[in-house]
Amino acid sequence: MDSWRAAVVPALPGQGTEPRIHDTATGQLVPAASGRTATIYACGITPYDATHIGHAATFVSWDLLIRAWRDAGHDVRYVQNVTDVDDPLLERADRDGEDWRELAAREIARYRSDMAALRVLPPDALVGAVEALPVIERFAGQLADRGALYELEGDQYFARSADAAFGTMPRLDPDTMVELFAERGGDPGRPGKKDPLDPLVWLAARPGEPHWPSQFGPGRPGWHVECAAIATDYLGARFDVQAGGTDLIFPHHEMSASHARVVYGGSGPDGPAFARRYLHAGMIRLDGEKMSKSLGNLVFVSALLAQGADPMAVRLALLAGHYRADRDWTAAGLAAAESRLARWRAAVARAGAIPGPPGSARVGRGTPRSPRSGGGRGRAGAGGRARAAGERPGHAGCAGRGRSVGGGNHRHSHPASGLDGRGGARPRHG
Ligand code: 5CA
Ligand code: ZN
């Protein structure tokens, strides 16, 4: 499906250092990419109640990594899905008496415009589950060929016993896995399953629900097989990073990885199939509670922007916290980001009035910007250094430079932050 228009990223002189990330699977801080072309699959939205500020925080975090990769000289291949058919979407459409396709289309449109406003760079491929049905069915067929599926009352389940490495990434004990599986869309208690943790791969058609013909009979795909199939079809059996919020560590990311290990191999010289690194963002809360569709305690990006919030301040408020930390969204945080942004813009405007030495990096000269690439109110002319006196960018405000993305204690400006600060010149070190 269509993605959204990319903001222009200024070309900065010099090269950033290799971004490193905390890998959930190992608990280690490791280089995020393994080759010149960095590859990332980010789990995308289920299109209802999107985009809330928790979604935005997560996608801004991946945007930061992608910019840092580019700054470090990588090409990036970025794929994201849209779960445009699944139980929660159908339940919401049913509750509101709306056609599920119309609900999805409206929410995807809103998501696209929110992402563009926040200057989040679009994925190279934004792939809906419905358009990817042939890919998903083919992948599920490969699971069946490996003997990893079994039928229960017409539904197809994945036997987790088919994957010797099942459960290694999240590093959780079995009881916790069952608990999380039940909380997050699984059905551990369904009678007849071989193992409580076996997930659905193909759900046979239910009356009144959408379904498509397939080798398993009419039905629709399960959630985990959707991401396993799309990620490996677009990025290959092995890719660098699988990204999502911490609520996806288990079961979703582990199930997708487990499916892929069965289809493409769980060992070998290149390591197990699927992601080399697992990257997870903390949960955004409102008044201490996880912001979630089911709780209904949502702050929408579109509502904030309609109320006049500067999208660059929203972005900066999100980047002011460490991406891995669970953290609260607050009006005070947004106000602090607004004033920080105003200080930065004023400093850039002042610096712009001072001619730099010949050959110095200049923003606003040779750094094209899109005509309407992210709102913002301040004005700033050409100028070199982007940091206001005494100002330190937020934790996640920069990446690379030998530090982890989102690692704190920075001493330089924010060349890769993606802020449309009208002052993105690379700071001169030394
Ligand atoms: N479609 C699936 C992934 S395949 C899904 O989880 N959709 S979602 O709309 O619920 O979430 C989209 C992304 O936002 C996921 O990475 C999820 O982990 C993240 N997310 C959801 N709620 C929050 C929150 N409160 N804070 C931070 N990230 C969140
Ligand atoms: Zn996913």
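Residues numbered from 1 in each chain as written. Chains lettered and ligands numbered in written order. Predicted model: local features only at pLDDT ≥ 70, side-chain atom pairs only at ≥ 80, totals over all residues. Heavy atoms only, no water.

Draft legend 1. How the structure looks around the packing of helix 5 (residues 174-183) against helix 7 (residues 249-264). Put simply, helix 5 and helix 7 touch, their axes get as near as 8 Å, and they point 95° apart. Between helix 5 and helix 7, the interaxial angle falls into the category roughly perpendicular. Of the residues in helix 7, those in contact with M177, L180 and F181 of helix 5 are F250, P251 and M255. Classifying every residue of the contact of helix 5 with helix 7 by side-chain character gives six nonpolar, no polar and no charged. (Axes fitted to C-alpha atoms, helices over the stretch in contact; angles between N-to-C directions. Helix = DSSP H or I, 4+ residues; strand = E, 2+ residues; numbered from the N terminus. Parallel < 35°, antiparallel > 145°, perpendicular 65-115°, else oblique. Contact = heavy atoms within 4.5 Å. Nonpolar A, V, L, I, M, F, W, Y, C, P; charged D, E, K, R; others polar.)

Draft legend 2. Up close: helix 9 (residues 311-319). Counting buried positions along helix 9 gives nine out of nine residues, so the element sits mostly inside the fold. The N-cap of helix 9, judged by a side-chain oxygen 2.8 Å from the amide nitrogen of M312 a few residues on, is D310. (Buried < 20%, exposed > 50% of the residue type's maximum accessible area, 1.4 Å probe, protein only. Polar contact = N/O pair within 3.5 Å; in protein donor to acceptor, adjacent residues only side chain to side chain.)

Draft legend 3. Structural view of the nonpolar core. Ranked by internal contacts, the top residues of the largest apolar core, which has 101 residues, are I40, I53, W62, W69, L143 and W329. At 10 residues, the largest contribution of residues to this core is made by helix 1 (residues 53-71). The contacts of W329, once residues within four sequence positions are left out, are I53, I284, R285, L286, M291, V299, L304, V314, A317, L318 and L334. Listed in part, the seven residues of the second largest apolar core include M177, L180, L197 and M255. (Core = buried A, V, L, I, M, F, W, Y, C linked by side-chain atoms within 4.5 Å.)

Draft legend 4. The coordination of the zinc ion (ligand 2), seen in detail. Of the protein atoms, only C43 (SG), C227 (SG) and H252 (NE2) coordinate the zinc ion (ligand 2), at distances of 2.1 to 2.2 Å. Its four donor atoms give the zinc ion (ligand 2) angles of 102 to 121° at the centre, a pattern that matches the tetrahedral case. Sequence positions of the donors to the zinc ion (ligand 2) reduce to the motif C-x183-C-x24-H. Placement of C227 in helix 6 (residues 223-235) and of H252 in helix 7 is noted, with a sequence separation of 25 residues between them. Looking at C227, the relative accessible area reads 0%, which means it is buried. (Donors = N, O, S within 2.8 Å, 3.2 Å for Na, K, Ca; no water. Tetrahedral: all angles 85-135°; square planar, octahedral: opposite > 155°, others 65-115°.)

Draft legend 5. Representation of the packing of aromatic side chains within the structure. Overall, the coordinates contain nine aromatic pairs when judged by the stated rule. Here the aromatic rings of W100 and W212 are separated by 6.2 Å at their centres, their planes lie at 85°, and the arrangement is edge-to-face. Taken together, the positions of W100 in helix 3 (residues 100-117) and W212 in the loop between strand 8 (200-204) and strand 9 (219-221) put the pair 112 residues apart, joining distant regions of the chain. Measuring from centroid to centroid gives 6.3 Å for F166 and F250, while their planes differ by 85°, and the two rings are edge-to-face. Here the residue F166 occupies a position in the loop between strand 7 (155-158) and helix 5, and F250 occupies one in helix 7, the gap between them amounting to 84 residues. In terms of burial, F166 and F250 fall into one category: buried. Among the aromatic residues, ring-to-ring pairing joins W4, F59 and Y111 into one connected group. (Phe/Tyr/Trp six-rings, centres within 6.5 Å; stacked < 30°, edge-to-face > 60°.)

Draft legend 6. Fine view of the packing of helix 6 against helix 7. The contact between helix 6 and helix 7 brings their axes to 8 Å, and the two run at 55°. The orientation of helix 6 with respect to helix 7, classified from their angle, is oblique. When you trace helix 6 past helix 7, the crossing you get is right-handed. Contacts between helix 6 and helix 7 involve W223, H224, V225, C227, A228 and T232 from the former and P251, H252, M255, S256, H259, A260 and Y264 from the latter. (Left-handed = near helix turned anticlockwise from the far one by under 90°.)

Draft legend 7. Local environment of the pattern of salt bridges. The full count for this structure, using the stated rule, is 22 salt bridges. Linking E153 and R190 is a salt bridge whose minimum nitrogen-to-oxygen distance equals 2.7 Å. With E153 in the loop between strand 6 (149-152) and strand 7 and R190 in the loop between helix 5 and strand 8, this pair connects stretches of sequence that are 37 residues apart. Linking K290 and D247 is a salt bridge whose minimum nitrogen-to-oxygen distance equals 3.2 Å. Of this pair, K290 sits in strand 13 (residues 289-290) while D247 sits in the loop between strand 10 (238-245) and helix 7, and the two are 43 residues apart along the sequence. Judged by its relative accessible area of 23%, D247 falls in the partly exposed class. Sharing partners across several salt bridges, the network here consists of E153, D155, R190 and R206. (Salt bridge = Lys/Arg side-chain N within 4 Å of Asp/Glu carboxyl O.)

Draft legend 8. View of the side chain of D310. Tracing the backbone through its elements, the reader meets D310 in the loop between helix 8 (301-306) and helix 9. Accessibility expressed as a relative area gives 3% for D310, which makes it buried. Of note is the side chain of D310, whose polar atom sits 2.9 Å from the side chain of R345.

Draft legend 9. Local environment of the confidence of the model for the chain. For the chain, per-residue confidence averages 86 on the pLDDT scale, and 83% of positions sit at 70 or higher. Note that pLDDT drops below 50 for residues 360-415; the model gives that stretch 174 contacts with residues more than four away or on any other chain. In the model, residues 422-430 has pLDDT below 50 throughout and makes 39 contacts with residues more than four positions away in sequence or in other chains. (pLDDT = per-residue confidence, 0-100.)

Draft legend 10. Quick peek at the site of ligand 1. The immediate surroundings of ligand 1 are formed by 23 residues, with G44, T58, T83, D247 and M291 found nearest. D247 is positioned such that a nitrogen or oxygen atom in its side chain is 2.5 Å from an oxygen atom of ligand 1. Separating a nitrogen atom of ligand 1 from a backbone N or O atom of I284 is a distance of 2.8 Å. Across the complex, the protein chains shield 95% of the 600 Å² of accessible surface that ligand 1 would expose by itself. Mapped by element, the contributors of at least two residues to the shell around ligand 1 are helix 1, helix 6 and strand 10. Broken down by element, the shell around ligand 1 gets its largest block of residues, four residues, from helix 1. Grouping the constituent residues of the shell around ligand 1 by class yields nine nonpolar, 12 polar and two charged. (Near = heavy atom within 4 Å. Areas by Shrake-Rupley, 256 points an atom, 1.4 Å probe, with all protein chains shown as cover.)

Draft legend 11. Representation of the sheet that holds strand 12 (residues 284-286) within the structure. One open sheet accounts for three strands, arranged 13-12-14; its pairing is mixed. This sheet does not close on itself; its edge strands, each paired only once, are strand 13 and strand 14 (327-328). Both strand 12 and strand 14 contribute to a ladder of two bridges, which runs parallel. Pairing of R285 across the sheet is with D328, part of strand 14. (Pairing = 2+ DSSP bridges.)

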